[in-house]
Amino acid sequence: MPSRPGAEQGGERRGAAGAGAADSPDPRAGTPVEPPALPVTWQQHDLLLDSFGHRGTGRHVEQVSWRWRGPLDVERFTASWQSVVDRETVLRAAFAWDPEPHVVLHERAAAEVVCHPAGSVGWDELVERERLRGFDLRRPGPLRITLLEEPPGGAGGPAGAGSAEGPGPSAGTDPDEAVTRVLLTFHHGLLDAWSVFVLIDEFYRAYLAGGALPGGERRPDVRDWSRWLSHQDPGVAREFWTRTLPAGTPAVLPAAPGPDTLESGCGRAEARLTPAEADRLHRWAAAQALPDSSALQAVWALLLHRATGASGPAQVGFGVTVSGRGITLDGVERLPGPLRNCLPMSVRVDPGQRFLRLLTGLRDRALDMAAYEWVSAGQIHEWTGRATCGGRLLESLVAVERAPRRPTEAHTAGGVRVDPPRASGVHTEFPVALFAHCEPDGGLTLSALHDRARISAADARRLVGHCVRLLTALPRTDERTTVAEVLAVLAGQALPRIAVRRRPEPAARARLHSIGGRAAVEPVTSRS
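Enquirer: Report on the overall build of the protein chain, specifying residues and quantitative values.
Expert: Helix and strand counts for the protein chain stand at 14 helices and 20 strands. In the protein chain, which comprises 528 residues, the share counted as buried stands at 55%. When the accessible surface of the protein chain is summed, it comes to about 21400 Å², and 53% of that surface belongs to carbon and sulfur atoms.

Have a look at this one:
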């Protein structure tokens, strides 16, 4: 296996092209010129490791979808996406690993757009098929676009639990209106959902301009981000994490040990707060000077504590996502790339403590961590000695899905209307990840994406249902309410169960070594 990237790595260099390279000829020498390359980040290295160990599972693949209402010119649609690919460096990127992993920046890549006629395939089937298809990360193009035409009057009904899309059309939709479902599938090795929303806005600009993206202004891209990373001092970040993370191993599973689930694959369980319930929660959190994310994190911390069976205080740990756009790089909000990151949150849950104190502690800890949102969880595990000695800081993830500020003008022209795009969330290396998504009607949807071999469908539904019960109870608390009193909301409710791992730990490590790595790095462990 290749050696791990260092935190100081960054900047552009020349490197070997991966399979499918579109190298540029040198007119002076008549020979191909190697395309520029960037070192992989620590997070990309870990993600590659896990992806190669779980081919065909759809891990680290996310999807965004929406409905396009009105006429769709497929040729113009494809040309518009090609214009975006030509403009955005990351859409022409691929991975190579000789002599060590790096990102190759190709000069050219083709936008992949496929259109399926109405009735040729079901929507849920198409979504799952595209997710499981995954990507050949050696070839440029971490994003592809799939269209599915709907029959006239056939757009009604919800999209299904496994879908990346929300409910069907609202009442009053013209039954004779042409409707096409749009599905964007992308890999987290090079893109995150925030990036894809930026790219969608670029696509609309190109489509409204006739198929070519107007303007040629230079915006920051992955090369600028890589250079920014290369100038960060890992010593300061190391000191923060080693100083602030408590010693010992926190409780990291939101479910009690249980038998084999006799299930396989990736699952999704969903539950919803109504618009009224979500509004009450938001107003209550605002009155406590808290973001909504702190309420969600506090509820997850309670479930982790409850799963331990402890009657007294216990340290718990889980991952929280950050957008990566809080760094001091001009234009970073419009930069497409894999900036989204997961950081370990560790907190002491004491049943006798005031619940408000737990909430403010989580809020303040998140603010402290914000200065280091470019650091990966893998680095933190190594800095704190957990990579070699074991003791994971997290085995689950909590994410409040956020998108960049959208342009104020509506994307409507020529009789076309488009629904708001919806991100699906992503199956990760963790047995369960909780995603919160604000719906257009003001409701809040919680989605538990889970490994069915670890957590059964029934237990995942139980887990996300417990989250909703706790969240709806929070507005009834006050400054005197204790953690134990909040947990009492779940009195009599069965604990979700989680099975032990089946797969040996070294599997992913061996797979990456077999495709061209050098010496294995023994501290690396797979986390699934």
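Enquirer: So what's going on with unusual backbone geometry? Which residues, and what values?
Expert: In this structure, the amide linkage connecting Asp-98 to the following residue, Pro-99, adopts the cis form with an omega of 10°. You can see Pro-99 is positioned in the loop between strand S6 (93–96) and strand S7 (102–105). With phi around 70°, His-60 is a residue other than glycine that occupies positive phi space. Within the secondary structure layout, His-60 lies in the loop between helix H1 (42–53) and strand S5 (61–69). A positive phi angle is found at Ala-289, which is not glycine, with a value near 60°. By secondary structure assignment, the location of Ala-289 is in the loop between helix H7 (275–287) and helix H8 (292–308).

Enquirer: For the packing of aromatic side chains, give the residues involved together with the corresponding values.
Expert: Counted by the stated rule, this structure contains 13 aromatic pairs. Plain terms: the ring middles of Trp-66 and Tyr-204 are 6.4 Å apart, the flat faces sit at 65° to each other, and that makes the pair edge-to-face. With Trp-66 in strand S5 and Tyr-204 in helix H4 (residues 193–208), the pair connects residues that are 138 residues apart, well separated along the chain. Of the two residues examined, Trp-66 and Tyr-204, each falls in the buried class. Both rings, one in Phe-240 and one in Trp-241, keep their centres 5.1 Å apart while their planes meet at 80°; by these two values the pair is edge-to-face. Classification of Phe-240 as buried rests on a relative accessible area of 6%. One aromatic cluster in this structure is built from Trp-66, Trp-68, Phe-77, Trp-81, Phe-203, Tyr-204 and Tyr-207. Just above the ring of Tyr-207 sits the side chain of Arg-76; from NZ or CZ to the centre is 4.1 Å. The ring of Phe-135 has Arg-144 sitting right over it, with the charged end atom 4.3 Å from the ring centre.

Enquirer: Any details on the nonpolar core? Residues and values, ideally.
Expert: Membership of the largest hydrophobic core comes to 81 residues, with the highest contact counts inside it found for Trp-241, Trp-300, Phe-355 and Leu-446. Of all the elements, H8 adds the most residues to this core, at 9 residues. Judged by nonpolar contacts, the second largest core, of 45 residues, contains Trp-66, Phe-95, Ala-109 and Val-182.

Enquirer: Kindly report on the packing of helix H6 (residues 234–244) against helix H9 (residues 355–369), identifying the contributing residues and their values.
Expert: Look at H6 against H9: their axes get within 12 Å of each other, and the N-to-C directions meet at 160°. Comparing their axes, H9 and H6 come out roughly antiparallel. Contacts from Phe-240, Trp-241 and Thr-244 of H6 reach H9 at Arg-365, Asp-368 and Met-369. Taken together, the residues that form the contact of H6 with H9 break down as 3 nonpolar, 1 polar and 2 charged.

Enquirer: Talk me through the sheet that holds strand S19 (residues 444–451); I want residue IDs and the actual numbers.
Expert: Pairing within the open sheet is mixed, and its 6 strands lie in the order S12-S19-S18-S15-S13-S14. Lying at the two open borders of the sheet, with one neighbouring strand each, are strand S12 (266–273) and strand S14 (341–349). Strand-to-strand twist in this sheet, taken as the mean axis angle between neighbours without regard to direction, amounts to 25°. Across 9 bridges, strand S13 (residues 314–322) lies against S14 in antiparallel orientation. Considered in S14, the bridge of Gly-317 is made with Ser-346.

Enquirer: Before we move on, could you go through the confidence of the model for the protein chain and cite the residues and values that matter?
Expert: Averaged over every residue, the pLDDT of the protein chain is 86; residues scoring 70 or more account for 83%. Ignoring residues within four places in sequence, the model shows residues 155–172, a span with pLDDT below 50, making 41 contacts including any to other chains. Contacts of residues 504–528 to residues separated by more than four positions or lying in other chains number 64 contacts, the stretch itself having pLDDT below 50.

Enquirer: Quick rundown of the pairing of S6? Include the residues and the values.
Expert: Residues of S6 alternate between two faces, with Ala-93 and Phe-95 on one and Ala-94 and Ala-96 on the opposite face, all of them buried. Across 4 bridges, S6 lies against S7 in antiparallel orientation. Residue pairing for S7: Ala-93 is matched across the bridge by Leu-105. Between S6 and S7, which pair antiparallel one after the other, the connecting turn spans 5 residues.

Enquirer: Help me get a handle on helix H3 (residues 123–133), residues and values and all.
Expert: For an α-helix the count is 3.6 residues per turn, leaving residues at separations of three or four pointing the same way. Three or more residues of H3 are buried, namely Trp-123, Leu-126, Val-127, Glu-130 and Arg-131. Down the axis of H3, the sector holding all buried residues measures 130°, keeping them to one side. Elements that come into contact with the buried residues of H3 comprise S5, strand S8 (113–116), strand S9 (143–150), strand S10 (179–187) and S12. Immediately beyond the C-terminal end of H3, within one or two residues, lies Gly-134, with a positive phi of roughly 65°.

Enquirer: Would you mind going over the side chain of His-427 in detail, with residue names and values included?
Expert: When you line up the elements, His-427 lands in the loop between strand S17 (422–423) and strand S18 (432–438). Not counting residues within four places of it along the chain, the set of residues in contact with His-427 comprises Arg-59, His-60, Arg-131, Cys-266, Gly-267, Leu-449 and His-450.

Enquirer: If you had to explain the environment of Leu-343 to someone new, which residues and values would you point to?
Expert: Secondary-structure assignment places Leu-343 in strand S14. Spatially, the C-alpha atom of Leu-343 lies 7.8 Å from that of Val-375, the residues being 32 residues apart in sequence. Those residues in contact with Leu-343 that lie beyond four places of it in its chain are Trp-241, Phe-318, Gly-319, Val-320, Val-322, Met-369, Tyr-372, Glu-373, Val-375 and Ile-380.

Enquirer: Mind laying out the side chain of His-54, listing which residues take part and the relevant values?
Expert: Checked against the element boundaries, His-54 lands in the loop between H1 and S5. Within the local environment of His-54, its side chain forms a polar contact with the backbone oxygen of Asp-50, the two atoms lying 2.9 Å apart.

Enquirer: Hey, could you go over the pattern of salt bridges for me, with residue numbers and the actual values?
Expert: For the structure on display, the rule yields 30 salt bridges. Between Arg-133 and Glu-130 there is a salt bridge; the shortest N-O distance is 3.5 Å. Of this pair, Arg-133 and Glu-130 both sit in helix H3, separated by 3 residues, roughly a single helical turn. For Arg-133, a relative accessible area of 47% puts it in the partly exposed group. Of the residues examined, Glu-130 reaches a relative accessible area of 7% and is grouped as buried. Notably, a salt bridge pairs Arg-139 with Asp-136, separated by 3.5 Å at the nearest N-O pair. Take Arg-139: its relative accessible area is 45%, and that puts it in the partly exposed class. Here Asp-136 falls in the partly exposed class, since its relative accessible area comes to 31%. Sharing partners across several salt bridges, the network here consists of Glu-112, Glu-130, Arg-133 and Arg-144.

Rules and cut-offs
Residues numbered from 1 in each chain as written. Predicted model: local features only at pLDDT ≥ 70, side-chain atom pairs only at ≥ 80, totals over all residues. Heavy atoms only, no water. Helix = DSSP H or I, 4+ residues; strand = E, 2+ residues; numbered from the N terminus. Buried < 20%, exposed > 50% of the residue type's maximum accessible area, 1.4 Å probe, protein only. Areas by Shrake-Rupley, 256 points an atom, 1.4 Å probe, with all protein chains shown as cover. Phe/Tyr/Trp six-rings, centres within 6.5 Å; stacked < 30°, edge-to-face > 60°. Lys NZ or Arg CZ within 6 Å of the ring centre and 35° of its normal. Core = buried A, V, L, I, M, F, W, Y, C linked by side-chain atoms within 4.5 Å. Axes fitted to C-alpha atoms, helices over the stretch in contact; angles between N-to-C directions. Parallel < 35°, antiparallel > 145°, perpendicular 65-115°, else oblique. Contact = heavy atoms within 4.5 Å. Nonpolar A, V, L, I, M, F, W, Y, C, P; charged D, E, K, R; others polar. Pairing = 2+ DSSP bridges. pLDDT = per-residue confidence, 0-100. Arc of directions from axis to C-beta. Polar contact = N/O pair within 3.5 Å; in protein donor to acceptor, adjacent residues only side chain to side chain. Salt bridge = Lys/Arg side-chain N within 4 Å of Asp/Glu carboxyl O.

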